[in-house]
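Residue-level structure breakdown
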Amino acid sequence: MGVIRRHGQFVIRVNPILCDGFGHCAELAPEIIHLDEWGYPVIEPEPIPLADVGALTSARYAERGCPRQALFIERVHEPGAR
Amino acid sequence: MIPPRSLPRLFAGASERPNSLQQHHEIFGGSTRVDNPFDELQSSGLLGRGGAGFPTAKKVELLRSQRGHHKFVVVNAMEGEPAAHKDFRLLSTNPHLVLEGAEVLARLIGADRIAVCVARDNPTLVNHVERAIHERARQNSRGPAIDLHTPPWRYIAGEESALVNWLDGKESLPQFRRHKPSILHIGRGAALVDNAETCANVALITRYGAAWYRTLGTSGHPGSTVVSVTGAVVRPTVLEVNVGTTLRSILETARADTSPQAVLLGGYGGLWVGPDLLDTPYANDVLGERGLSVGAGIVVALPRAACGLVESHRVVRWMAHESARQCGPCAFGLPAIAEDLTQVIRGGRDGQAARTRLEQRCSSIEGRGACRHPDGVIRFLRSALSVFHTDLESHLAGAPCAGARSRQRYLAVPNLEKEEELVWE
Ligand SMILES: Cc1cc2nc3c(=O)[nH]c(=O)nc-3n(C[C@H](O)[C@H](O)[C@H](O)COP(=O)(O)O)c2cc1C
Ligand code: SF4
Ligand code: SF4
């Protein structure tokens, strides 16, 4: 008890129609998002463990800081786990 | 009644004029219907004919499980591919087969409306479909209402979410779908989008049953299918073929060049294949092992005299122009790779640099659009670079082939009105 086990992983995804390439996300979550040559986000495709609190915090900053609300965090369930 | 194992099926009773409802019943027989259409559809193994080749029964099942009354069946006859004429020919021959299939689908999912979508730029087709719908409305007032919709023609207007947007009173631009497969909605009604040829196949299956249907085709891709053959042909031809026949026999029947330099399979989001694959069966289960598919039933024969790179460049430029420009990677990326290809074709040191950049840009753009339009362009472009790799080297070395210098062109590409629009900065 008292220990929060964070099972599973997450990815951050972008709705490319909403995204206007302001680039805030790459500043807020530089370890997960970088910008392409036109200023649109390229997101780390590999799922990140939810236990990686640093990455999750950055992802949340990016999600909230996106002026177009184009980003969303999606939980990825490992096969077999819930 | 159409005998098993025989062709034509979809084009049975073809003449100069579209077959009337009465002729339709004479050709296909009164109304011998199977007892359980959904089971028959499932065991028929029908694959969608709009390009993706997804099992139709699975889509129907997904829509059946949806609640709500005002569901839609959307018949997709937009025919966005410039080299395709199959839905046009099908609806100009047996329009009632397509409409009958749509009615069956409507009953299966519990839809009360059918929307037939035809590009307004093809007035002949609009006319044929309009007449067939009126004829049906006069003769059976029961059943779902059938309406004709005519969005303006564009490559992406036929993408299912763009089509649904249009029917919902919005612009015909694709939607972002968070999960796939997702259910598209018109207002609050769930919509089943199927290609016109898919609907016609559904009608055949519910008339004659799955066992009859499977007497043509392969086990993984049953039935017959309609192919549009263009390029090195006497005249552009639309054929109904047995799925699983070879590419070579398709070219022969269409009186096309049977020793082409390469063949484009699927459409402008499809792939070039070399002449070594001419004896491969034309069926998704076999082609799929090589990463190929029949796509939207397009076969373009490229003659030896043509330059595959120059032809591909024309396609890529036009496809870049056809981006809906909603997504950055597609709106900026596609014109950029088109420009890279221009430089590769010009050759020289800039050409070498452009080639490297082109490959990097393709990897960067891939999978980052809301729809699969950019992925199709990249697939097409990569296959061009690999199938025409010897030409690529000669272009880079500054010695393009005669085909590049000639003025003759073989692929159908609409004119770009404003060329300068392509360069975005
Ligand atoms: C860019 C793009 C353009 C498309 N254009 C067409 C089209 O013109 N006609 C069509 O039937 N399907 C088109 N499709 C496929 C449709 O989205 C959809 O998959 C199809 O209508 C489903 O029908 P089916 O299951 O009967 O194959 C297009 C897809 C994409 C990604
Ligand atoms: S912050 Fe939002 S709008 Fe800006 S580039 Fe990132 S995802 Fe796009
Ligand atoms: S990927 Fe391209 S064509 Fe598809 S929705 Fe985005 S901008 Fe439009």
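In this text the structure is predicted, and so the values were computed from the model without any measurement.

Attention shifts here to the site of ligand 1. Residues and elements named next belong to chain B. Lining the immediate environment of ligand 1, one finds 17 residues, of which Gly50, Lys59, Gly80, Asn195 and Thr198 sit closest. Between Gly50 and ligand 1, the recorded distance is 2.7 Å, taken from a backbone N or O atom to an oxygen atom. In the environment of ligand 1, an oxygen atom lies 2.6 Å from a nitrogen or oxygen atom belonging to the side chain of Lys59. Alone, ligand 1 offers 630 Å² of accessible surface; in the complex the protein occludes 87% of this. If you tally residues by element for the shell around ligand 1, the top one is strand E5 (residues 189-195), at three residues. Broken down by class, the residue content of the shell around ligand 1 amounts to four nonpolar, seven polar and six charged.

With that settled, consider the pairing of strand E8 (residues 262-265) of chain B. Residues and elements named next belong to chain B. Alternating residues of E8 divide into Ala262 and Leu264 and Val263 and Leu265, and every residue in both groups is buried. Here E8 pairs with strand E9 (residues 271-273) via three bridges, running antiparallel. The residue of E9 that forms the bridge with Leu264 is Trp272. If you look at the hairpin formed by E8 and E9, you'll find five residues sitting between the two strands, and Gly266 has a positive phi there, around 100 degrees.

All names here are of chain B. Mapping Glu240 onto the fold places it in strand E7 (residues 237-242). Buried within the structure, Glu240 lacks any salt-bridge partner; Arg9 is the closest side chain of opposite charge, at an N-O distance of 5.7 Å. A polar contact is formed between the side chain of Glu240 and the backbone nitrogen of Arg9, at a distance of 3.1 Å. A distance of 3.0 Å separates a polar atom in the side chain of Glu240 from the backbone nitrogen of Leu10. Not counting residues within four places of it along the chain, the set of residues in contact with Glu240 comprises Leu7, Pro8, Arg9, Leu10, Phe11, Ser224, Thr225 and Val226.

This part takes up the sheet that holds strand E4 (residues 48-49) of chain A. Residue and element names in this part refer to chain A. Within the open sheet, the three strands sit side by side as E4-E1-E5. Their pairing is antiparallel. Each edge of the open sheet carries a strand with a single partner, namely E4 and strand E5 (71-76). Pairing between strand E1 (residues 9-14) and E5: six bridges, direction antiparallel. Bridge pairing in E5 places Arg13 opposite Phe72. Relative to E5, helix H2 (residues 53-65) is tilted by about 145 degrees, and along the sheet it contacts E1, E4 and E5.

Take the confidence of the model for chain B next. Residues and elements named next belong to chain B. The predicted model of chain B has a mean per-residue pLDDT of 94, with 97% of residues at 70 or higher. Note on residues 419-425: pLDDT under 50 across the span, and twelve contacts to partners over four residues away in sequence or across chains. This complex was scored by the predictor with a pTM of 0.93 and an ipTM of 0.90.

Between chain A and chain B, the residue contacts involve 14 residues of the former and 19 residues of the latter. Linking chain A with chain B are three salt bridges. Here A:Glu37 and B:Arg361 are joined by a salt bridge, their closest N and O atoms 2.7 Å apart. Secondary-structure elements contributing two or more residues to the side of chain A that touches chain B are E1, strand E3 (41-43) and E5 of chain A. The biggest single contributor to the side of chain A that touches chain B is E5(A), with three residues. Counted by class, the side of chain A that touches chain B contains nine nonpolar, one polar and four charged residues.

Next up on the list: the site of ligand 3. Inspection of the region around ligand 3 gives 13 residues, with B:Ala324, B:Gln326, B:Cys327, B:Cys330 and B:Cys371 positioned closest. Its residues placed into classes, the shell around ligand 3 shows eight nonpolar, four polar and one charged.

With that out of the way, let us pick up helix H4 (residues 86-93) of chain B. Summarising burial for H4(B): six of the eight residues are buried, a large majority. Looking at H4(B), one finds that the buried residues are B:Lys86, B:Asp87, B:Leu90, B:Leu91, B:Ser92 and B:Thr93.

Moving on: the packing of aromatic side chains. Residues and elements named next belong to chain B. Applying the stated criterion across every chain, the model contains nine aromatic pairs over all chains. Pairing Tyr268 with Trp318 gives two aromatic rings, centres 6.4 Å apart and planes at 80 degrees, and the pair type is edge-to-face. Note that Tyr268 is positioned in the loop between E8 and E9 and Trp318 in helix H12 (residues 308-321), a separation of 50 residues in sequence. Taken as a pair, Tyr268 and Trp318 share a single burial class, namely buried. Ring geometry for Trp272 and Phe388: centres 5.1 Å apart, planes at 70 degrees, overall edge-to-face. Of this pair, Trp272 sits in strand E9 while Phe388 sits in the loop between helix H16 (373-387) and helix H17 (389-396), and the two are 116 residues apart along the sequence. By the burial criterion, Trp272 is buried, and Phe388 matches it. In this structure an aromatic cluster arises from ring pairing among Trp153, Tyr155, Tyr268, Trp272, Trp318, Phe380 and Phe388.

Attention now goes to the packing of helix H15 (residues 348-365) of chain B against H17(B). All names here are of chain B. The geometry of H15 relative to H17 is characterised by a closest axis approach of 9 Å and an angle of 135 degrees between their N-to-C directions. One way to sum up the angle between H15 and H17 is to call them oblique. Of H17, the residues touching H15 (which contributes Gly348, Gly351, Gln352 and Arg355) are Leu392, Glu393, His395 and Leu396. Each residue belonging to the contact of H15 with H17 can be placed in one class, and the counts come to two nonpolar, four polar and two charged.

All names here are of chain B. As summarised here, the arrangement of the five strands in space is E7-E6-E10-E8-E9, forming an open sheet in which the pairing is mixed. Pairing within the sheet leaves two strands with one partner each, and these edge strands are E7 and E9. The sheet shows a mean angle of 30 degrees between the axes of neighbouring strands, direction not considered. Bridge count between E8 and strand E10 (residues 298-302): four bridges; the pairing is antiparallel. By the bridge assignment, Leu264 is partnered in E10 with Val300.

The next subject is H17(B). Residue and element names in this part refer to chain B. Buried residues of H17: Asp391, Leu392, His395 and Leu396, and no others. Taken end-on, H17 shows its buried residues confined to a sector of 135 degrees, consistent with a single buried face. Looking at the buried positions of H17, the neighbouring elements they touch are H12, helix H14 (333-346), H15, H16 and helix H18 (402-405). Positioned one or two residues after H17, Gly398 has a phi angle of 80 degrees, which is positive.

What counts, and where the lines are drawn
- Residues numbered from 1 in each chain as written.
- Chains lettered and ligands numbered in written order.
- Predicted model: local features only at pLDDT ≥ 70, side-chain atom pairs only at ≥ 80, totals over all residues.
- Heavy atoms only, no water.
- Near = heavy atom within 4 Å.
- Polar contact = N/O pair within 3.5 Å; in protein donor to acceptor, adjacent residues only side chain to side chain.
- Areas by Shrake-Rupley, 256 points an atom, 1.4 Å probe, with all protein chains shown as cover.
- Helix = DSSP H or I, 4+ residues; strand = E, 2+ residues; numbered from the N terminus.
- Nonpolar A, V, L, I, M, F, W, Y, C, P; charged D, E, K, R; others polar.
- Buried < 20%, exposed > 50% of the residue type's maximum accessible area, 1.4 Å probe, protein only.
- Pairing = 2+ DSSP bridges.
- Lys, Arg positive; Asp, Glu negative; His and termini not counted.
- Salt bridge = Lys/Arg side-chain N within 4 Å of Asp/Glu carboxyl O.
- Contact = heavy atoms within 4.5 Å.
- Axes fitted to C-alpha atoms, helices over the stretch in contact; angles between N-to-C directions.
- pLDDT = per-residue confidence, 0-100.
- Phe/Tyr/Trp six-rings, centres within 6.5 Å; stacked < 30°, edge-to-face > 60°.
- Parallel < 35°, antiparallel > 145°, perpendicular 65-115°, else oblique.
- Arc of directions from axis to C-beta.

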